[in-house]
Structure formats: C-alpha cells, structure tokens
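# What the coordinates show
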Amino acid sequence: MHQEAKPIFILPNATYIAELIAFAIILFVLWRYVVPPVQKAMKDRQEIIRRQLEESQRAKEQLASAEEEHRKVLAEARAEATAIREDAKRESQRIIDETKSTAQAEVDRIRERGEEQLTAQRRQVVSELRTEIGQMSVQLASKVVGESLEDDARRRGTVDRFLNELDGMAADDGAQPSGQR
C-alpha cells in the first residue's frame, strides 16, 4: 500500500505562492499607478471643497456686512428725509408768515392810500361846496335882504359860518346810530 502523501497544511503549495505573487503584483500596480491619481483627485476635491467653504464663509461675512451697511444707509436716509421734511415745514411756515406780513402791509398801504384819497376828495368836495354854497347864499341873501353883499370879507364870513353849521350838523348825524337817522 502505497500511501499518497498528504499536503502539509502549514507549508504552502505552489498555487498559493503564485496567487500570493499575483496579488502582490496587483497591489503594486494599484499602489503605483491607481492610488496616486485617486489620491491627487481626492486632494484636489478636498481643496475645492475647502475653498468653497472659505468662499461661503466670506460670502456670509460680506452679506452680514452688506446688511449692516444697508441698515446704516437706510437709517441715514430716514434721518435725512426727516430733516428734509422738517426743513420744508419750516420753509413753508416762513413763506406763509412772509406772505401774510406782505399782504398785511399791502392792505395797510391800500387802506392808508384810500383814507388819503377820501380825505383829499372830502377837502375838494368841501371846497367846491363852500364856493357853490357861498355863491348861492350870497345870491339868496341878496334877494332876501335886498342888499348886495359883494363885499368879500362879509361874504367869506357868511360862507364860513354857514359851512361850520353844516359841519356841525354832519358831525351830529355821524354820532347818531345808523338806525335812527
């Protein structure tokens, strides 16, 4: 009987060694030719992600800064608008006051001019009336008395007395209430 030799489990056989060598070659090829480009791609990708995170952080900071600046500008604009409104109110009030004072001055000037004109017209009317009434009274007195009052001094005295009486009557009429004339 011939016994076949059983392989010893501890000692590797040739197939196992060939498989081991093939595995080592594959590992070497992978390590040499595949891993570096994959690592480079991973590093590049990590660098891109890191830059994007930094840019995102900077963008957030810029956004916060821009929002703060926007709030400041908006507050300044509101304050400026309020100041402009207040200035406009003050200016409009000044214009109104100036217009009122100008209008009042014009009214006073017109009233004064009207009073002057009335006074001048009154003087003229009184003068014309004196002349007419003087002539009429002289004519009337001449007819009634029958004598000629051609003397200027007497005529003036008569006319002045008559006009003073008329002025006295006009003053009495002006003193009465308007409903009792």
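Residues numbered from 1 in each chain as written. Predicted model: local features only at pLDDT ≥ 70, side-chain atom pairs only at ≥ 80, totals over all residues. Heavy atoms only, no water.

A count of helices and strands for the protein chain gives two helices and zero strands. Within the protein chain, the proportion of its 181 residues that are buried is 4%. Approximately 16,500 Å² of the protein chain is accessible, and the part contributed by carbon and sulfur atoms is 59%. (Helix = DSSP H or I, 4+ residues; strand = E, 2+ residues; numbered from the N terminus. Buried < 20%, exposed > 50% of the residue type's maximum accessible area, 1.4 Å probe, protein only. Areas by Shrake-Rupley, 256 points an atom, 1.4 Å probe, with all protein chains shown as cover.)

Attention now goes to the pattern of salt bridges. Applying the stated criterion across every chain yields a total of eleven salt bridges. With its nearest N and O atoms 4.0 Å apart, the salt bridge here joins E86 to K89. Placement of both E86 and K89 in helix 1 (residues 14-145) is noted, with a separation of three residues, approximately one turn of the helix. Linking E91 and R94 is a salt bridge whose minimum nitrogen-to-oxygen distance equals 2.3 Å. Residue E91 and its partner R94 are both found in helix 1; the two are separated by three residues, about one turn of the helix. One network of salt bridges, in which partners are shared, links E47, R50, R51 and E54. (Salt bridge = Lys/Arg side-chain N within 4 Å of Asp/Glu carboxyl O.)

Across all of its chains, the model carries zero aromatic pairs by this definition. Here the guanidinium or amino end of R32 rests over the ring plane of Y33, the centre of that ring lying 5.9 Å away. (Phe/Tyr/Trp six-rings, centres within 6.5 Å; stacked < 30°, edge-to-face > 60°. Lys NZ or Arg CZ within 6 Å of the ring centre and 35° of its normal.)

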